[in-house]
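# Breakdown of the fold
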Amino acid sequence: MKRLIILVLGLIIASCAAAPKAPEVKPRYFWPPPPNDPKIEFIGLYSSSKDLPKKKTRLTAITGDTEQEIRLRKPLGIGSDGEGVVIVTDLVPWGGYIWDFNNNIVTPITDEAAFQLSSGVAFDSERFYIADARAGNVKVFARKNRAPLYVIGDEELQSPNGIAVNEKLKRLYVVDTKGFKVVVFDLVTRKKLFEWGKPGDMEGEFNRPWGICIDKNDDVIVADGLNARIQIFDKDGKFITMFGKRSINPGGFAQVKGVGVDSDGNIYVIDPLKAIQIFNRDGELLGLVGGPGTKGLGAMNLPMGLYIDKNDRIYTVDQMNRRFYIFQYMNEEYKKKYPIEPPTR
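Just so it is clear, the model here is predicted, and its values are computed rather than measured. (Residues numbered from 1 in each chain as written. Predicted model: local features only at pLDDT ≥ 70, side-chain atom pairs only at ≥ 80, totals over all residues. Heavy atoms only, no water.)

### Here we look at the overall build of the protein chain
Here is the rule we go by: Helix and strand assignments follow DSSP, with helices taken as H or I runs no shorter than four residues and strands as E runs no shorter than two, numbered in order from the N terminus. For every residue, the accessible area (1.4 Å probe, protein chains only) is compared with the maximum for its type, and the residue is labelled buried under 20%, exposed over 50%, or partly exposed between those bounds. Working definition of accessibility: Shrake-Rupley area with a 1.4 Å probe, residue cover restricted to the visible protein chains.
Secondary structure summary: the protein chain contains two helices and 28 strands in total. Within the protein chain, the fraction of its 345 residues that count as buried is 53%. Within the structure as shown, the protein chain displays about 16,800 Å² of accessible surface, and the carbon and sulfur contribution to it stands at 50%.

Here's what the structure looks like:
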């Protein structure tokens, strides 16, 4: 992604051999469309448990689908383990929902009213973490049985939102929005290690920061909300660089919320008044995915949380449309596994 491409929704239909009873070939949607070199593929769009495929049985053939529908209400944050489980936080006392794409079921995060305002989501190999912005802590659960384990940050955080785990360093990075800072905790002792940031618009200062992610070099990327910019720090909070400006034009921001980074170092930024903008580390705009709206594939109305998993799968909360998108960054491995066939003529 070396040059600026305004990515618009494209459609390509994979060719198939003309044969009796040939399986239906689903269309594939890309940003940008061919003949450009596609970078992002649309995977799915979900707002309800009814959006997941269900197996038909003799019983359901007679009684119909009697399963109670679960619908998103006001989703905020999102995260995935990269193995088929997606967590979407929502404005509900049980924190939101776990979308299990392996078994095609949706369940509440907890069975109790455990959250005041659930927000950011993160995973490591054994646990998942959910920020509670109103309670001022991060709640930790076991991935295996989803049991609640403990909380981190009580009496240390005012309003945690974006969170990110560096399992190699055994650190949890938390964006404290109302504290105008990033707070770092030890995953083993659960104690605060250090923090950085204060109100302002200079290097290392923040104005309502929100999202956070960590790249393959352990650098920490922070969405500096109302300063309408992205700041990048090393693992210990030392300022490296920043980019972004306030503008209604492509490449500019009204404000920034979710942020993520793929395996090639491309940085994805959510502006709630736009959609997803993609930059390189120097702040050069590489492309756009989606746009403001309520209708049409790629339409987003107040997008918020963004998460990129270990497979370069991209998850985005489309809050006011009450749904979330899944996209795929088409890295070289993905393109070899799922080649783009030329369109039929």
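On we go from here.
### Quick word on the sheet that holds strand 4 (residues 78-80)
Here is the rule we go by: Pairing between strands is defined by DSSP: at least two bridges between them are needed. Angular values range over 0 to 180 degrees, each being the angle between N-to-C directions of two axes fitted as lines to C-alpha atoms, with helices fitted over their stretch in contact.
Spatial strand order, 4-5-6-7: four strands in an open sheet with antiparallel pairing. For this open sheet the edge positions go to strand 4 and strand 7 (105-108), each flanked by a neighbour on one side alone. Neighbour-to-neighbour, the strand axes of this sheet turn through a mean angle of 20°, independent of strand direction. Sheet topology note: the strand 6 (residues 96-100)/strand 7 ladder contains four bridges and is antiparallel. Pairing of tyrosine 97 across the sheet is with proline 108, part of strand 7.

### Some thoughts on unusual backbone geometry
That bond from tryptophan 31 to proline 32 is cis: its omega, -15°, falls within 30 degrees of zero. Not every positive phi belongs to a glycine, and aspartate 218 is a case in point at roughly 75°. Within the secondary structure, aspartate 218 is located in the loop between strand 16 (212-214) and strand 17 (220-224). Unlike most non-glycine residues, arginine 322 shows phi in positive territory, near 55°. Within the element layout of this structure, arginine 322 appears in the loop between strand 27 (313-318) and strand 28 (323-329).

### Some details on the environment of isoleucine 98
Within the fold, isoleucine 98 resides in strand 6. The spacing of isoleucine 98 and valine 86 is 12 residues in sequence and 5.8 Å in space, taken between C-alpha atoms.

### Observations regarding the sheet that holds strand 17
The sheet built from four strands is open, its strands ordered 16-17-18-19 with antiparallel pairing. Unpaired on one side and paired on the other, strand 16 and strand 19 (239-243) mark the two borders of the sheet. The sheet shows a mean angle of 20° between the axes of neighbouring strands, taken without regard to direction. Relative to strand 19, strand 18 (residues 229-233) runs antiparallel, the two sharing four bridges. Bridging across to strand 19, isoleucine 230 finds its partner in phenylalanine 243.

### A few points about the packing of aromatic side chains
Our working definition: Side-chain rings of Phe, Tyr and Trp (the six-membered ring for Trp) are treated as a pair once their centres are within 6.5 Å; stacked means planes under 30 degrees apart, edge-to-face means over 60, and tilted covers the remaining angles. Two thresholds decide whether a charge sits over a ring: the Lys NZ or Arg CZ must be within 6 Å of the ring centre and within 35 degrees of the ring normal.
Scanning the entire structure with this criterion turns up 21 aromatic pairs. Summarising the aromatic geometry, the rings of phenylalanine 42 and phenylalanine 327 are spaced 6.3 Å apart at their centres and angled 70° between planes, so their arrangement reads as edge-to-face. Of this pair, phenylalanine 42 sits in strand 3 (residues 40-46) while phenylalanine 327 sits in strand 28; the two residues are 285 residues apart in sequence, bridging distant segments of the chain. Of the two residues, phenylalanine 42 and phenylalanine 327, neither departs from the other in class, the shared state being buried. Linked through ring pairs, Tyr173, Phe194, Trp196, Phe206, Phe233 and Phe239 together constitute an aromatic cluster. The residue whose ring lies beneath arginine 190 is tyrosine 150, and the NZ or CZ to ring-centre distance is 3.6 Å.

### Observations regarding the pattern of salt bridges
Test applied: Between Lys or Arg on one side and Asp or Glu on the other, a salt bridge is scored when a side-chain nitrogen of the former is within 4 Å of a carboxyl oxygen of the latter.
One pass over the full model with this rule turns up 22 salt bridges. One salt bridge connects glutamate 195 with lysine 192, and the closest N-O pair in it is separated by 3.0 Å. Taken together, the salt bridges that share partners define one network made up of Asp81, Glu83, Arg143 and Lys310.

### Some points on the confidence of the model for the protein chain
This is how it is decided: Residue-level confidence of the predictor is what pLDDT reports, using numbers from 0 through 100. We call two residues in contact whenever any of their non-hydrogen atoms come within 4.5 Å of each other.
For the protein chain, per-residue confidence averages 91 on the pLDDT scale, and 88% of positions sit at 70 or higher. Note that pLDDT drops below 50 for residues 2-19; the model gives that stretch 53 contacts with residues more than four away or on any other chain.

### Some details on the side chain of lysine 181
Filter applied, for reference: Polar contact is the term for a pair of N or O atoms within 3.5 Å; when the atoms are in protein, one must be able to donate a hydrogen and the other to accept it, and sequence-neighboring residues count only if both atoms are side-chain atoms.
Along the polypeptide, lysine 181 turns up in strand 14 (residues 181-186). Of the polar contacts made by the side chain of lysine 181, one reaches the side chain of glutamate 195; its length is 3.4 Å. Excluding residues that lie within four positions of it along the chain, lysine 181 makes contacts with Glu156, Val174, Val175, Asp176, Glu195, Trp196, Gly197, Phe206 and Pro209.

### Here's the deal with the pairing of strand 6
The element strand 6 is extensively covered by neighbouring structure, given that five of its five residues are classed as buried. Relative to strand 6, strand 5 (residues 85-89) runs antiparallel, the two sharing five bridges. Among the inter-strand pairings, isoleucine 87 is bridged to a residue of strand 6, identified as isoleucine 98. Connecting the antiparallel pair strand 5 and strand 6 is a turn made up of six residues, with glycine 95 showing a positive phi of about 90°. What sits between the antiparallel neighbours strand 6 and strand 7 is a turn of four residues, in which asparagine 104 has the positive phi angle 55°.

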